[in-house]
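Examining the three-dimensional arrangement
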Amino acid sequence: MASASAKSIFIPRVSSKSHSSVSNRSSLLPFLKSSSSSSISLKSSRTRSPCLVVRDAIKTIESPEISVSQGQKLELTSLDTKPTVLVSEKLGEAGLEVLRSFANVDCSYNLSPEELCSKISLCDALIVRSGTKVTREVFEAAKGRLKVVGRAGVGIDNVDLQAATEFGCLVVNAPTANTVAAAEHGIALLASMARNVAQADASMKSGKWQRNKYVGVSLVGKTLAVMGFGKVGSEVARRAKGLGMHVISHDPYAPADRARAIGVDLVSFEKAITTADFISLHMPLTPTTSKIFNDETFAKMKKGVRIINVARGGVIDEDALVRALDSGVVAQAALDVFTVEPPPQDSKLVQHENVTVTPHLGASTKEAQEGVAIEIAEAVVGALKGELSATAVNAPMVPAEVLSELAPYVVLAEKLGRLAVQLVAGGSGIKSVKVVYKSARDPDDLDTRLLRAMITKGIIEPISSTFINLVNADYTAKQKGLRISEERVVVDSPPEFPVDTIQVRIANVESKFDSALLENGEITIEGKVKGGIPHLTCVGSFNVDVSLEGNLILCRQVDQPGMIGRVGSILGEQNVNVSFMSVGRIGARKQAIMAIGVDEEPDKETLKRIGEVPAIEEFVFLDL
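Computed from a predicted structure; not experimentally measured.

Taken in spatial order, the five strands of this open sheet run β5-β4-β6-β7-β8, and their pairing is parallel. Of all the strands in the sheet, just β5 (104–107) and β8 (170–173) have a single pairing partner and so form its edges. Taking the axes of each pair of neighbouring strands and ignoring which way they run, one obtains an average angle of 20 degrees across the sheet. Sheet analysis places strand β4 (residues 84–87) next to β5, joined by four bridges and oriented parallel. Note on β5: the bridge partner recorded for Val 87 is Cys 107. Each of β4, β5 and β6 (125–128) touches helix α2 (residues 93–100); the most contacted strand, β5, lies at about 140 degrees to it.

Before going further, it helps to examine the nonpolar core. The biggest cluster of nonpolar side chains holds 79 residues, and the ones touching the most others in it are Leu 99 and Leu 536. Discounting residues that sit within four places of it in the chain, Leu 99 has contacts with Val 85, Val 87, Leu 91, Val 105, Ile 127, Ala 377, Val 380 and Val 381.

As a further point, take the sheet that holds strand β10 (residues 246–250). The seven strands are arranged β11-β10-β9-β12-β13-β14-β15 in an open sheet whose pairing can be described as parallel. Edge positions in the sheet fall to β11 (265–266) and β15 (355–357), since each has one partner strand and no second.

To continue, consider unusual backbone geometry. Across the chain, the bulk of peptide bonds are trans and the bulk of non-glycine residues have phi less than zero. A cis amide bond, omega -5 degrees, links Glu 341 with the succeeding residue Pro 342. Along the chain, Pro 342 turns up in the loop between β14 (330–335) and α13 (348–351). Phi is positive for Lys 143, which is not a glycine, with a value near 55 degrees. The topology assignment puts Lys 143 in the loop between α4 (136–142) and β7 (148–151). Assessed through its relative accessible area of 74%, Lys 143 is described here as exposed.

The next point concerns the packing of α2 against helix α14 (residues 366–385). Following both chains from N to C, one finds α2 and α14 inclined at 15 degrees, their axes separated by 7 Å at the closest point. By the criterion of interaxial angle, the relationship of α2 to α14 is roughly parallel. For the element pair α2 and α14, the recorded crossing hand is right-handed. The residues of α14 that touch α2, namely those facing Ala 94, Gly 95, Val 98 and Leu 99, are Glu 370, Ala 373, Ile 374, Ala 377, Glu 378, Val 380 and Val 381. Considered class by class, the residues forming the contact of α2 with α14 number eight nonpolar, one polar and two charged.

Calculation criteria
- Residue positions are given per chain, counting from 1 as you read along its sequence in written order.
- Note on the predicted model: pLDDT of at least 70 is required for a residue's local features to be given, and 80 or more for side-chain atom pairs to be given and counted; whole-chain, interface and lining totals, by contrast, use all residues.
- To get the side-chain values, all heavy atoms of the structure are used, and hydrogens and water are removed first.
- For two strands to be treated as a pair, DSSP must find at least two bridges joining them.
- A run of DSSP states H or I qualifies as a helix once it reaches four residues; a run of E qualifies as a strand once it reaches two. Both are numbered from the N-terminal end.
- Each axis is a line fitted through C-alpha atoms, and for a helix only the stretch in contact is used; angles between axes span 0 to 180 degrees, taken between their N-to-C directions.
- Pairs of residues are marked as contacts when any of their non-hydrogen atoms sit within 4.5 Å.
- What we call a nonpolar core is a set of buried Ala, Val, Leu, Ile, Met, Phe, Trp, Tyr and Cys residues that are connected through their side-chain atoms within 4.5 Å.
- The buried label applies to any residue whose accessible area, calculated with a 1.4 Å probe on protein chains only, is under 20% of its type's maximum; exposed applies above 50%, and partly exposed to all values in between.
- Reported orientations rely on four angle classes, namely roughly parallel under 35 degrees, roughly antiparallel over 145, roughly perpendicular from 65 to 115, and oblique for the rest.
- Two helices cross in a left-handed way if the nearer one is turned anticlockwise from the farther one by less than a right angle. They cross in a right-handed way if the turn is clockwise.
- Ten residues, namely Ala, Val, Leu, Ile, Met, Phe, Trp, Tyr, Cys and Pro, are considered nonpolar, four, namely Asp, Glu, Lys and Arg, are considered charged, and the remaining ones, Gly among them, are considered polar.

Rendered as structure tokens:
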């Protein structure tokens, strides 16, 4: 702790009035000296979005262009405009109407990679289907403006998720609207293949009557292996059970209880492919699943097995499948997807007499097309608004009910992070942060990924040009060598609230406000949500209670009468409105912490006068 005679005064870089609702990152740089001749220009928020996934809970107002000149007068020089959404593949009119109600929509189909890269720097969002490749080059060409990529469908293998994450771009998909359509198409291919419907139809239309040639096989009692027990796979399983089939499934991530509820046995990959009469593929295309069905895999299957694929063409080695069909190991195949789409006209696989093919029709029903268009449009618009997203694929899949419940704590988490980093003295490199959540709930029943991301955002953004959101929070922290650990402590508090308090500790740093240090040398602050409003409840070993709205002044003082009035008078004389004030002390007439919430940022002279009050030993101004 500092001696009673020591005083620590922190002067922010920029002083300006009436901007508590403006997100001014430059005013949050705690390690820079102020300059009377400083001139700062912040670009329109269209090029630097607030946190894509969590900003709905934060309710931060996006800033128009701000100019702060020598006189430090805040000017609003331009207004924000509608975001621009590029739709690169055909989307249903219902979805386009949703987009047009919020954004400028550019429907430009069949773009070459070069044309896409050329246009993308002018766009805030991009909507694709399966034909557009959203590569690293696209994200680089966007120059930070692209905030969200929407995939109108389930699969996202045509989007470079690693690059999207690194650039802080959210990727959302439409995972539910075409689920039933894809499952129905899988069942249609299963049944038509088993009964040779396509081949018999072609035969009759060529003038033949070949009843003996197209004898089929029954489905009842046969074993169907569903490879991938996600949304579509599980719906296929339900329908196959209704056809009297025995259904097994392989999916290393599927909950066993969900499979049992449908009457499906989860088995190993090996057992699935060696015991099935029919194999239906519903797995994503990843480096692990690419060409997972190959010569070696086919050799292990039952002779005469039949394969259906309405997932991704790349999971099958198509040359190997042709060989398996020619040898009779695979009796028939029904394919809706291919490694290259459209496949070559002379494709041996497409032309094979034992193969039934359709041109990627899994989601092609009128109902599904409209549903997908609306679902992806709403997801993209929601992301642009900053709403919490449950369909993000490169961010933690936080269930909607968890997002809603944690929303009030999101603000608290970010502001605690911002407070903590501003308490760090210049020159101290932050390497280790510990977050302690106190809750009445079992630690396994508390999903803190969203809160951790917001604390990371609060810590990194004020001292970095990097923009943080739920998408890239963990990645960016790792890149910057910042280790964030979490501890969950069970306390006796109302169980209807997910979190009682959140505590942030920063170790091995110097503090510009010594009272924030515990005996172990860690900067420690704690807060909680009261009535939906975040409050600071503890600084170091001092208990306080101040609403985290506007800005904050922390003073360590000798506890004596008149201190609140004296500091309040100094602020009032300069027309600085005090919104909240709290005093925490260790004992009467001993040391105390006074926490003062202010709506405006005091100028340098006002801060200097506060620091000159004899009983005040140290103080710090914190911009929230």
